[in-house]
Amino acid sequence: MRKYLLLVLALVLVVSFTAVGFAQDKTEITVAAGSVGKELELTQKAAQMYMEENPDVKVNVLSTPDLANDRLGLYLQFLEAKSPKVDVYQVDVIWPGDLAQHFIDLNEYGAEKVADNHFQEIVQNNTVNGRLVAIPWFTDAGLLYYRTDLLEKYDRKVPETWSELQETAKYIMEEERAAGNPDFYGYVWQGNAYEGLTCDALEWVFSNGGGTIVSPDKKITINNEKAIEAIDMAAGWVGDISPTGVTGMGEEDARKMWEAGNALFMRNWPYAYTLGNADTSQIKGKFDVAPLPAGDSGSSAATLGGWNLSVSKYSEHPEAAADFALFLASEKVQKMRAIEGSFNPTIKSLYQDEEVLEAVPFFGKLYEVFTNAVARPSTATAPKYNQASEIFFQGVHSVLTGESDATTAVQYMELDLKDLLGYETGEPRQP
Amino acid sequence: MSKTQKKVLKKILFYFVLAVIVVYLLFPFYWAVNSSLKSQAQLSMTPATLIPRDPDTGEISIFTRNYFAIFKNGQFLRGLVNSSIVATSTTILSLIVGSFAAFALGKLRFRGKEPALYVILAMTMFPQVTVLSGLYAVINALNLSARFSMIFTYMLFTLPFTTWVLTSFFRDLPKEIMQSAQVDGATPFQTFHMILLPLTAPALVTTGLLAFIQAWNEYLFALTFTSIDPSARTVPVAIQYFSGEFARQEPFGEIMAAAVVVTIPIVVLVLIFQKRIVAGLTAGAVKG
Amino acid sequence: MAKKAMSELAKEEQKLAIKLLIPTFIILLVIALYPLGQVFYTSFTNRTFAGTGTTEFVGLDNYQKLLAFSIEELPPVVDEETGKVKIDEETGEKVFQSPIQVLPRQPELHRPVYTFNFFGSKYVVGAVTPDFIRAVFNTIIFTVFSVLIETILGLGVALVVNSEFKGRGMMRAVMLVPWAVITVVSAKMWQWMFQPTRAGLFNMLLDKFGIGTGNFSFLTNPSLQMPAIIAVDVWKTTPFMALLLLAGLQLIPQELYEAAEVDGASKIRQFFTITLPLLKPSVAVALIFRTLDSLRVFDVFQVLLAQKRYSMASFNYFQLISARQMGMASAIGVIIFILIFFFALAYMKALGVDTE
């Protein structure tokens, strides 16, 4: 008996010793940011800059998982526990609506002065019941990537409508396959049953005049002819100009296929641009970006992505935290991140800044896209955006896989959203 | 067919079945090794190649940077240390506490055996996701460090497992052993400690190994409990944090390299302990 | 004299038993009492995860929402002018109304789960939370097939590794490789092998052998999803079964086989009369734990199928993290618990595992 107890005791000592050895120092402010290479590096650099200007503050950068659900799960654990351990959170553009009650109103801490410098769509998205709960940090929008070499080879121009895209993709796909590449496809995008599909589908629907699922004035607008037409159009691509497996693809799956040279067009976020020009890429220098095609509405639509910074209500140092958050979102830091990491700034003037344009030339094209980006209805459906989005993407997914037809799926979406939110139906918002 | 011909045929059949099993068990792992030696471009090649080849020329081209990348990654190495500490502690604790309980449940006489067994089993009947937030609250209330919390919470599924398996093994040991030991004047605990325990060595090693690997593999609890303490991250969590230069990028080659590196120590561990798995053959000698 | 010694011994045994069981129960009490209690309690409320509103007690509401279902008949569509039943021109069959027009909407909206034909009439099964009903079925099908295949394969592997041959030690180590690879990583590995283009191993192989055109989408095609997931799980956990069964095999005394040999029994006869019966307790324990683990399956479903197809535990995860419906998620946890509890009980009775 005694031998065993001694063993257990020894174990306890070993473990607690090592735990004590690696114990953390007390920190002033903790910011929960991304863990990704460049992102983390630049956040730490900005933290250094802040600490130099404010020597009585220590900033600790905590890395969090890149996978959206993992990160959200972690944040929810902290917020559920009302933890003061994290002061500043890096939040996805669709989270301020749902989590607004946990964050302070940044307008009370000086954000009013700088809010106008940022893209208004994002600021509006982050304002819940008159409170600015998140300051925009960097943004993202859906883009159409196209192969310049192939369009030139077959003498086609960049498509400006969805039907043009379909036609060009089909033609070139057949030609390329006949020329000996059996794995070549026309168009790859994100068709898996997840938030990314909401992004892609919103683009088809909005560009076709079908509205934004739920309009900003809280009316359910998804059940209309144009939306049904748009979803049907996309369902037609599956197995035709897009692989059947597109209904399981996320951003990375599409990008990997695209980078291997097996796709003519791709819908993806700006991050794929720099990666596509890396030395190991098969398509280096052979592609470019353009705004996504337009549907019946005549305008192109790009879903707004990006990240913002919020300050926790449970923070023990809200003023310092808010000050740091506003510093991170300031023009100086955003410019550094744009030049060194290709992060798309949210401050409008930076898109005309010479140094930025020199470092990342394709940003010039993106300005139009960002100013016209369409936000997902996260604020209109708050605090139930995730559930609303799930209703939408599951419905769309069922049409893409052929399980259901668009009319029935959209009818169910309307019923489900009514059930979930209690809103009335209304006319879709136009671009 | 002559006797020797039959024997040869049987042997060939046996080795054929063995080969099929080896291929079945190892092929996906071979694919992981294969993938770990490819760059992103090579991984996206169509059709996929069984050996890393250059996408343009088709010649064999091994890409070793993935391995360099993971070893440069301090998080990964720390993860290995953390996982070892956590998994070993959990296993040892589960084996000790579990064997105590198993002895009681398998060999001693008392009332309430069945309810006790069911209560212990009931702990594993909840999916991890369900108890996660409750456990997190307990951890915070008790202010346990990340490693401690992992070790204790892993007991939730390793302890019932070791208890049940060992109980069945203890039960199977013939009563005569206990009785003859009692005749010799040994207390029940001495019987347990000096005679029964060595006899169930194969069971101990087996359950120990399986429990170790279960703790080694655990991801959900580790992710939550180490969230605020990155230095305590275990390997599965560290791998999940692998990312390339940019957000959303998933460096598949590196993840595969990590998988290979992490599996090898376990295989070595098994090679060391597998002799002990054999040792139980002497148990049969007790009969009669 | 002997009687007195016996009852004293019995008392001593009882005391020792309690002493031996105390560590187990202390640990389980500390870790499990609060979380499990909280789960039971929360399942009767409408609590939001990380929510800031008030939590109300809603009784069995969550359970009712999860389990409520209805079966309605789909009447055929009648052409208003002619009064006759409409016939679809292409297929020549009757046209039925769609579920959306038939399923109840008050007090809860019912959505279709499954439609089926029965003697010429069409019926639809609807439920308030169709994803959960489907998740239950997915999990049960997954469990039945995985455990069955794992047990058979595991037994096969154990028998082979149990015999004497060169390289036996190496084989034992090889046997554990699938179980040793980290679960989430192995899921990602299989995900890559299942790629819907020829960059994926399986499509590449199938294409090489001339089957299909290299674009089977294993993870999105409903009829291929379950086999794919079962294959992944079987690969991963066969070693678990094999190792447990091997340990059990090795406790069977060699003399029994030798005696049977002498009696002239064939190897197959020996297997059925000696091996299987003596292996029963090991098989029982292995089966119970594998089944329990399968019913709680989370990792493979979350990584490979995410929100395309749920298992009970992955549905639970998404309810908690994405929808943040903690009350509902807890109710799901309780239902899973009850289901597993009944399975365990059924196993015990069926396998005749006595706990005496």
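On a predicted model such as this, the values are computed, not experimentally measured, just so you know.

### Some words on the overall build of chain C
When its secondary structure is counted, chain C shows 13 helices and three strands. With the C-alpha coordinates aligned to their principal axes, the bounding extent of chain C is approximately 95 × 60 × 40 Å. Counting all 356 residues of chain C, 47% fall into the buried class. At a minimum sequence separation of 6, the contacts of chain C that also span at least 24 residues come to 60%.

### Structural notes on the overall build of chain A
If you tally the helices and strands in chain A, you get 18 helices and 14 strands. Here the C-alpha radius of gyration of chain A, 24 Å, is about what a compact globule of 431 residues would show, namely 22 Å. Expressed as lengths along the three principal axes of its C-alpha atoms, the size of chain A is roughly 75 × 65 × 50 Å. For chain A, with 431 residues in total, the buried portion stands at 57%. Sequence-distant contacts, at least 24 apart, represent 74% of the contacts inside chain A between residues at least 6 apart.

### A look at the UniProt feature "transmembrane region" (unreviewed entry) in chain C
Mapped onto the present numbering, the UniProt feature "transmembrane region" (unreviewed entry) falls on residues 20-41, 140-161, 173-194 and 326-348 of chain C. As annotated, residues 140-161 of chain C comprises 100% helix and 0% strand, and the C-alpha atoms at either end are separated by 31 Å.

### Here we look at the domain arrangement of chain A
Residue and element names in this part refer to chain A. Domains assigned within chain A are domain 1 (26-133 + 306-371) and domain 2 (143-304 + 381-425). A straight line from the C-alpha centre of domain 1 to that of domain 2 covers 28 Å. Contact residues are listed per partner, giving 17 residues for domain 1 and 14 residues for domain 2. Contributing elements (two or more residues each) for the side of domain 1 that touches domain 2: α4 (95-99), α6 (120-125) and α16 (363-371).

### Some details on the environment of A:Leu417
Tracing the sequence through the fold places A:Leu417 in helix α18 (residues 406-421). Sequence-distant contacts of A:Leu417, defined by excluding residues within four places in its chain, comprise A:Val214, A:Ile220, A:Ala388 and A:Ile391.

### With respect to the interface of chain B and chain C
With 84 residues of chain B at the interface, the matching set in chain C holds 79 residues. Per-element accounting of the side of chain B that touches chain C gives the leading share, 12 residues, to helix α13 (residues 252-278) of chain B. Residue composition of the side of chain B that touches chain C, by class: 61 nonpolar, 18 polar and five charged.

### Some remarks on the interface of chain A and chain B
The interface is formed by 37 residues belonging to chain A together with 39 residues belonging to chain B. Every element with two or more residues in the side of chain A that touches chain B is listed here: α1 (2-21), α2 (37-53), α3 (68-80), α11 (251-259) and α12 (271-276) of chain A. Looking at the side of chain A that touches chain B, the element that brings in the most residues is α1(A), giving six residues. Tallied by class, residues from the side of chain A that touches chain B come to 15 nonpolar, 11 polar and 11 charged.

### A look at the sheet that holds strand β7 (residues 143-147) of chain A
Residue and element names in this part refer to chain A. Spatially, four strands are ordered β8-β10-β7-β11 in an open sheet, and the strand pairing comes out mixed. With partners counted over all chains shown, the strands left at the sheet margins are β8 (185-188) and β11 (287-290), one partner each. Each strand of the sheet is rotated relative to its neighbour by a mean of 15°, with strand direction disregarded. Along the sheet face, helix α8 (residues 162-178) touches β8 and β10 (263-268) and points at about 140° away from the line of β8.

### Focus: the UniProt feature "domain: ABC transmembrane type-1" (unreviewed entry) in chain C
The UniProt feature table records "domain: ABC transmembrane type-1" (unreviewed entry) at residues 136-347 of chain C. Between the first and last C-alpha atoms of residues 136-347 of chain C the distance is 19 Å; the span itself is 78% helix and 0% strand.

### Some details on the sheet that holds strand β3 (residues 88-92) of chain A
All names here are of chain A. The strand order β2-β1-β3-β12-β6-β13 describes an open sheet built from six strands, whose pairing is mixed. Every interior strand has two partners, whereas the edge strands, β2 (59-64) and β13 (344-345), have only one. Strand direction decides the pairing type here: strand β1 (residues 29-34) and β3, joined by two bridges, are parallel. In the sheet register, Val-31 faces β3, and the bridge partner there is Val-88.

### Remarks on the nonpolar core
Counting 322 residues, the largest nonpolar core has A:Tyr187, A:Val188 and A:Ile231 as the members making the most contacts within it. With 16 residues, the top contributor of residues to this core is helix α7 (residues 146-172) of chain B. Among all residues touching A:Ile231, those that are not within four sequence positions of it are A:Ala201, A:Trp204, A:Val396, A:Val399 and A:Ala406.

### Points about helix α10 (residues 201-217) of chain B
With 17 residues, α10(B) extends 24 Å between its outermost C-alpha atoms, agreeing within 8% with the 24 Å of an ideal straight helix rising 1.5 Å per residue. Most of α10(B) is tucked away: 16 of the 17 residues are buried.

### Some points on the domain arrangement of chain C
Domain boundaries assigned for chain C yield domain 1 (69-128) and domain 2 (131-351). Here domain 1 of chain C and domain 2 of chain C have C-alpha centroids that lie 39 Å from each other.

### Examining unusual backbone geometry
Residues and elements named next belong to chain A. Along the chain, Ala-382 connects to Pro-383 via a cis peptide bond; the corresponding omega equals -5°. Turning to its location among the elements, Pro-383 is positioned in the loop between α16 and α17 (385-400). Residue Asp-155 is not a glycine yet carries a positive backbone phi of 55°. Locating Asp-155 in the fold gives a position in the loop between α7 (148-153) and α8. The phi torsion at Ser-342 lies on the positive side, around 60°, for a residue other than glycine. Note that Ser-342 resides in the loop between α14 (331-341) and β13. Assessed through the 20 C-beta atoms surrounding it within 10 Å, Ser-342 is described here as buried.

### Re the confidence of the model for chain C
Overall, the predicted model of chain C reaches an average pLDDT of 85, with 97% of residues at or above 70. Across the assembled chains, the prediction reports ipTM 0.86 with pTM 0.88.

### Observations concerning the environment of C:Pro227
Along the chain, C:Pro227 turns up in helix α8 (residues 222-250). Sequence separation between C:Pro227 and C:Val30 is 197 residues, and the spatial gap between their C-alpha atoms is 40 Å.

### Quick notes on α18(A)
Residues separated by three or four positions in an α-helix point in the same direction, a consequence of the helix having 3.6 residues per turn. Relative to the 22 Å expected for 16 residues at 1.5 Å per residue, α18(A) spans 22 Å between its end C-alpha atoms, a close match to the ideal helical length. Within α18(A), burial applies to A:Ala406, A:Ala409, A:Val410, A:Tyr412, A:Met413, A:Asp416, A:Leu417 and A:Leu421. The buried residues of α18(A) occupy an angular sector of 160° when projected down its axis, which confines them to one face. For α18(A), the elements touching its buried residues are β9 (219-220), α10 (225-237) and α17 of chain A together with α3 (99-102) and β2 (111-118) of chain C.

### Thoughts on the pairing of strand β12 (residues 307-311) of chain A
All names here are of chain A. Counting buried residues along β12, five of its five residues qualify, which places the element largely inside the surrounding structure. A two-sided burial pattern is seen for β12, the buried positions comprising Trp-307, Leu-309 and Val-311 on one face and Asn-308 and Ser-310 on the other. The pairing of strand β6 (residues 135-139) with β12 spans three bridges and is classified as antiparallel. Across the sheet, the residue bridging to Ile-135 is Leu-309, located in β12.

### Details of the packing of helix α4 (residues 130-162) of chain C against α8(C)
Residues and elements named next belong to chain C. Closest axis-to-axis distance for the α4/α8 pair is 6 Å, and the angle between their directions is 45°. It follows from the interaxial angle that α4 and α8 lie oblique. For the pair α4 and α8, the sense of crossing is right-handed. Classifying every residue of the contact of α4 with α8 by side-chain character gives 18 nonpolar, seven polar and two charged.

Cut-offs applied
Residues numbered from 1 in each chain as written. Chains lettered and ligands numbered in written order. Predicted model: local features only at pLDDT ≥ 70, side-chain atom pairs only at ≥ 80, totals over all residues. Helix = DSSP H or I, 4+ residues; strand = E, 2+ residues; numbered from the N terminus. Buried ≥ 20, exposed ≤ 12 C-beta atoms within 10 Å, placed from the backbone. Contact = placed C-beta atoms within 7 Å. Rg over C-alpha atoms; globule rule 2.2 N^0.38 Å. UniProt positions renumbered as here; feature names shortened; annotations may be inferred. Domains from an automatic or database assignment. Nonpolar A, V, L, I, M, F, W, Y, C, P; charged D, E, K, R; others polar. Pairing = 2+ DSSP bridges. Axes fitted to C-alpha atoms, helices over the stretch in contact; angles between N-to-C directions. Core = buried A, V, L, I, M, F, W, Y, C linked by C-beta atoms within 7 Å. Expected span 1.5 Å × (residues − 1). pLDDT = per-residue confidence, 0-100. Arc of directions from axis to C-beta. Parallel < 35°, antiparallel > 145°, perpendicular 65-115°, else oblique. Left-handed = near helix turned anticlockwise from the far one by under 90°.

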